[in-house]
Amino acid sequence: MRFSGRERHQVFLEPEGLETEEYYANGVSTSLPVDVQTKLYRSITGLEEVEIMRPAYAIEYDYAPPTQVKNTLETKLIEGLYFAGQINGTSGYEEAAAQGLMAGINAGLKIQKRGPLVLTRSLAYIGVLIDDLVTRGTNEPYRMFTSRAEYRLILREDNADLRLRNIGREIGLVSDEAYHQYLEKKGSVEQELDRLKRTVIKPSPQINADLERRSSSILSAEASLEQLLKRPELNYGDIEKISPPPVSIKPDAAEQVEIQVKYEGYIERQMNQVKRYAGLEQKTIPPDLDYEAITGLGSEVTQKLKQVRPVSLGQASRISGITPAAISLLMVALEKRKRGKAAG
Ligand SMILES: Cc1cc2nc3c(=O)[nH]c(=O)nc-3n(C[C@H](O)[C@H](O)[C@H](O)COP(=O)(O)OP(=O)(O)OC[C@H]3O[C@@H](n4cnc5c(N)ncnc54)[C@H](O)[C@@H]3O)c2cc1C
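Note that this is a predicted model, so its numbers are computed, not measured. (Residues numbered from 1 in each chain as written. Predicted model: local features only at pLDDT ≥ 70, side-chain atom pairs only at ≥ 80, totals over all residues. Heavy atoms only, no water.)

K.L.:
Would you explain the domain arrangement of the chain in this entry?
P.N.:
Note: interface size is frequently given as the accessible area lost on complex formation between the parts. Under the domain assignment, the chain is made up of domain 1 (1–58), domain 2 (66–153), domain 3 (178–262) and domain 4 (278–343). One C-alpha centre belongs to domain 1, the other to domain 2, and the line joining them spans 36 Å. (Domains from an automatic or database assignment.)

K.L.:
Looking at this structure, I do not really get the packing of helix α5 (residues 176–198) against helix α9 (residues 251–262). What am I missing?
P.N.:
Helix-helix packing is described using two parameters, namely the angle between the two axes and the distance between the axes. Look at α5 against α9: their axes get within 9 Å of each other, and the N-to-C directions meet at 45°. The angle between α5 and α9 places the two elements in the oblique class. Considering how the two elements wind past one another, α5 and α9 form a crossing that is right-handed. Along the contact surface, α5 presents K185, S188, V189, E192, L193 and L196, while α9 presents D252, A253, Q256, V257, Q260 and V261. Across the contact of α5 with α9, the residue classes tally to 6 nonpolar, 3 polar and 3 charged. (Axes fitted to C-alpha atoms, helices over the stretch in contact; angles between N-to-C directions. Helix = DSSP H or I, 4+ residues; strand = E, 2+ residues; numbered from the N terminus. Parallel < 35°, antiparallel > 145°, perpendicular 65-115°, else oblique. Left-handed = near helix turned anticlockwise from the far one by under 90°. Contact = heavy atoms within 4.5 Å. Nonpolar A, V, L, I, M, F, W, Y, C, P; charged D, E, K, R; others polar.)

K.L.:
Would you mind going over the site of the ligand with me for this structure?
P.N.:
Every residue near the ligand is listed here: Y57, I59, G85, Q86, S91, G92, Y93, E94, A96 and R143. With respect to the ligand, the backbone of Y93 contributes an N or O atom lying 2.9 Å from an oxygen atom. With the chains in place, 33% of the 1000 Å² that the ligand exposes on its own is no longer accessible. Classifying every residue of the shell around the ligand by side-chain character gives 4 nonpolar, 4 polar and 2 charged. (Near = heavy atom within 4 Å. Polar contact = N/O pair within 3.5 Å; in protein donor to acceptor, adjacent residues only side chain to side chain. Areas by Shrake-Rupley, 256 points an atom, 1.4 Å probe, with all protein chains shown as cover.)

K.L.:
When you look at the layout of surface pockets in this model, what are you seeing that I'm missing?
P.N.:
In this approach the atoms are scanned with a rolling probe the size of a water molecule, which exposes any empty space left behind. Roughly 930 Å³ of internal volume is contained in the largest pocket. In terms of lining residues, the largest pocket is bounded by 27 residues, among which Y24, A25, Y41, R54 and A56 are the most central. For the lining of the largest pocket, the elements supplying multiple residues, two or more each, are β2 (23–26) and α1 (34–42). At 4 residues, the largest contribution of residues to the lining of the largest pocket is made by β2. When grouped by side-chain class, the residues that make up the lining of the largest pocket number 15 nonpolar, 6 polar and 6 charged. (1 Å grid on protein atoms, 1.4 Å probe; cavity = no way out; pocket = protein on both sides within 12 Å on 5 of 7 lines; lining within 4 Å. Points joined across faces, edges and corners; volume = space filled by probe spheres on them.)

K.L.:
Sorry, what's going on with a nonpolar patch on the surface here?
P.N.:
Judged by side-chain polarity, L32, V36 and L40 come together as a nonpolar surface patch covering roughly 210 Å² of accessible area. Position of L40 among the secondary structure elements: in helix α1. What makes L40 partly exposed here is its relative accessible area of 32%. (Patch = residues over 30% accessible without salt bridge, like charges linked within 9 Å, V, L, I, M, F, W, Y side chains within 5 Å. Salt bridge = Lys/Arg side-chain N within 4 Å of Asp/Glu carboxyl O. Buried < 20%, exposed > 50% of the residue type's maximum accessible area, 1.4 Å probe, protein only.)

K.L.:
Honestly, the environment of P310 in this entry has me stumped. Any pointers?
P.N.:
Within the secondary structure, P310 is located in the loop between α11 (299–308) and α12 (313–317). Note on P310: relative accessible area 2%, which makes it buried. Through-space distance from the C-alpha of P310 to that of D131 is 9.9 Å; in sequence the pair is 179 residues apart. For P310, the residues in contact, after removing those within four places along its chain, are I285, Y291, L305, Q315, A316 and I319.

Written as structure tokens, this is what we have:
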């Protein structure tokens, strides 16, 4: 039914374990009746005598439109009730775990009468996930693909600690030991980056022989260690041998130094993008803003804004159907409101 136009379809037979004859047939997910499944599997070359140990089945689930929860995952209608996971329209273990973490953190912070924790799209995939859900809603099970993040280059596994550990520490979720390890790594990365910038190597027969051995072009003028590390054929290990730091740094810090130096140009470009958009993200919209009173918005845009109640102009701009013109009108309305408040 689903691939009726195709002549071929790939199926992976995955062994379920070392001591079982059971295989998982990846690629033939189905909910057809069991006798039809048997015929279907036996029609596959090599599986003519296959026995089904557990038939495939489908599940159906309901969800609450995620535009009905705030970016803290607290429901808009019932204060103190938080939704996380599949109930918000997602599918997946990580998606569910990430939301569970954030809902738990925010529920905890609320009870302690502390401010909420919202991660931005440029800070974490969790930020992208929750912002997508609460802003756009979803019509099909939402999965967190890397392609959904516009700042992929800075959302890396290798810098997750540098991005997020401080935040974790502030809300009381990072132990002293983990925090000190993080501070040590951060410190040694910063120190080493600084040393690479400041240390200048002069051309000499010895350094040029070193470079030639590593198939790198020889120096005809002075170059900083940072410039040398930017060469694609040289890695941090090479630089460390050419000019060792006073105290050798740990492998994870060395990896970070290498990444930050080699990709500096790309990372900087993306950070500038983040800064440009941060302006809109910081322009907050009060939750009680009367969209009906803003002339020129149009009824469809007004409806959408009322439904989502975005917390910032940035979030408003990502709602489907919200035009740049509508954002300008909102900006003016917020400005007027601010001046009105100041005057009154
Ligand atoms: C067959 C199958 C294969 C899957 N394979 C993968 C995969 O390979 N990779 C992947 O990432 N995801 C996979 N998923 C999706 C993933 O399992 C789910 O999206 C995820 O587990 C949802 O987590 P959750 O915590 O939101 O919901 P659930 O794990 O469904 O948790 C909800 C819990 O609430 C309990 N509950 C319900 N009603 C009540 C009540 N009234 N009172 C108290 N408790 C209640 C339920 O018993 C349940 O324990 C698969 C799902 C299925 C069905």
